Amino acid sequence: MKQLAAVLLSSLLLSACDVSLNKNPPKVIESEPATEQQQRDVFNATVEFLRLLDSGSVDQTWPVASPLLKATTSETVWTSGIKAMRVGLGTFVERDSAQIGFTSQMPDAPAGSYAVVECVTTFSSGPATEKVVLREDDGQWRVAGYSVNKRLFSLGDRDKKAP
């Protein structure tokens, strides 16, 4: 839990760019350097992971998990944790926008290539913010963390849409 909190805190500190999960891979505005291919690979891995969650196939997320994650938790803890986080959200409606950032350091984790993707998602119960942390392992971007938090919009936010 401490490690997850540290990952989430560090993701808030990352600079980012706009992305729509219904469009082409994003351009990085500010973060550590990343190639266009890395951006595309992170985008594709994130979309694959979130589609599994949205379809209710949480148990199928373990194979796309990073070895680092697998070394720190069990499949049962991982899948039950995700299911618990998504309880009460209802069904997936849409994902409007996201931010993506790259870093080589994460708190309480070994150095490596990390990406943090933060999505604004609407569920049947209302809006939420999802964060997916990925780590590059053996040339593949794999999920190293996930969180979701309900959002509270101000009246002015309701009309905002992704570019």
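Reading the values: the criteria
- Residues numbered from 1 in each chain as written.
- Predicted model: local features only at pLDDT ≥ 70, side-chain atom pairs only at ≥ 80, totals over all residues.
- Heavy atoms only, no water.
- Helix = DSSP H or I, 4+ residues; strand = E, 2+ residues; numbered from the N terminus.
- Buried < 20%, exposed > 50% of the residue type's maximum accessible area, 1.4 Å probe, protein only.
- Contact = heavy atoms within 4.5 Å.
- Expected span 1.5 Å × (residues − 1).
- Arc of directions from axis to C-beta.
- Core = buried A, V, L, I, M, F, W, Y, C linked by side-chain atoms within 4.5 Å.
- Salt bridge = Lys/Arg side-chain N within 4 Å of Asp/Glu carboxyl O.

Visitor: Describe in detail the overall build of the protein, supporting the description with residues and values.
Guide: Counting its regular elements, the protein contains four helices and five strands. For the protein, the α and β elements follow one another from N to C terminus as α-β-α-α-α-β-β-β-β. Counting the 163 residues in the protein, one finds 42% classified as buried. Nonlocal contacts in the protein, meaning residues at least 24 apart in sequence, comprise 56% of its contacts between residues at least 6 apart.

Visitor: Which residues make up helix 4 (residues 75–86), and what are the values?
Guide: Helical periodicity: at 3.6 residues per turn, an α-helix aligns residues three or four positions apart in one direction. With 12 residues, helix 4 should reach 16 Å at 1.5 Å per residue; the first-to-last C-alpha distance of 17 Å fits that figure. Within helix 4, the full set of buried residues consists of Trp78, Thr79, Ile82 and Arg86. For helix 4, the angular spread of buried residues about the axis comes to 90 degrees, placing them on one side. Helix 4 presents Thr76 and Ala84 as exposed residues on the side facing more than 90 degrees away from its buried surface. Taken together, the buried residues of helix 4 touch helix 2 (36–54), helix 3 (67–72), strand 3 (114–123), strand 4 (126–137) and strand 5 (140–150). Positioned one or two residues after helix 4, glycine 88 has a phi angle of 85 degrees, which is positive.

Visitor: Please set out the nonpolar core residue by residue, giving values where relevant.
Guide: Core analysis: the largest hydrophobic core is formed by 27 residues, its most contacted members being Val42, Phe49, Trp78, Leu134 and Tyr146. Taken together, the elements giving at least two residues each to this core come down to helix 2, helix 4, strand 2 (92–103), strand 3, strand 4 and strand 5. Ranked by residues supplied to this core, first place goes to helix 2 with five residues. Of all hydrophobic cores here, the second largest spans six residues; its members include Met106, Ala109, Val116 and Ala144.

Visitor: So what about the pattern of salt bridges? Which residues, and what values?
Guide: Close approach of charged atoms lets side chains of opposite charge pair. By the definition in use, this model includes eight salt bridges. Ionic pairing is found between arginine 40 and glutamate 36, a salt bridge with its closest N-O pair at 2.8 Å. Of the two residues, arginine 40 and glutamate 36 are both situated in helix 2; the distance of four residues between them amounts to about one turn of the helix. Using a relative accessible area of 30% as the deciding quantity, one classes arginine 40 as partly exposed. According to the relative accessible area criterion, glutamate 36 is exposed, its value standing at 58%. A salt bridge links lysine 131 to glutamate 118, with the shortest nitrogen-to-oxygen separation between them at 3.8 Å. Linking lysine 131 in strand 4 with glutamate 118 in strand 3, this pair joins segments that are 13 residues apart in sequence. We classify lysine 131 as buried; its relative accessible area is 8%.

Visitor: Account for the side chain of threonine 61, with residues named and values stated.
Guide: Considering the arrangement of structural elements, one finds threonine 61 in the loop between helix 2 and helix 3. Its relative accessible area of 0% is what places threonine 61 among the buried residues. With residues up to four places along the chain from it excluded, the contact list for threonine 61 reads Phe49, Leu52, Leu53, Trp78 and Ile82.

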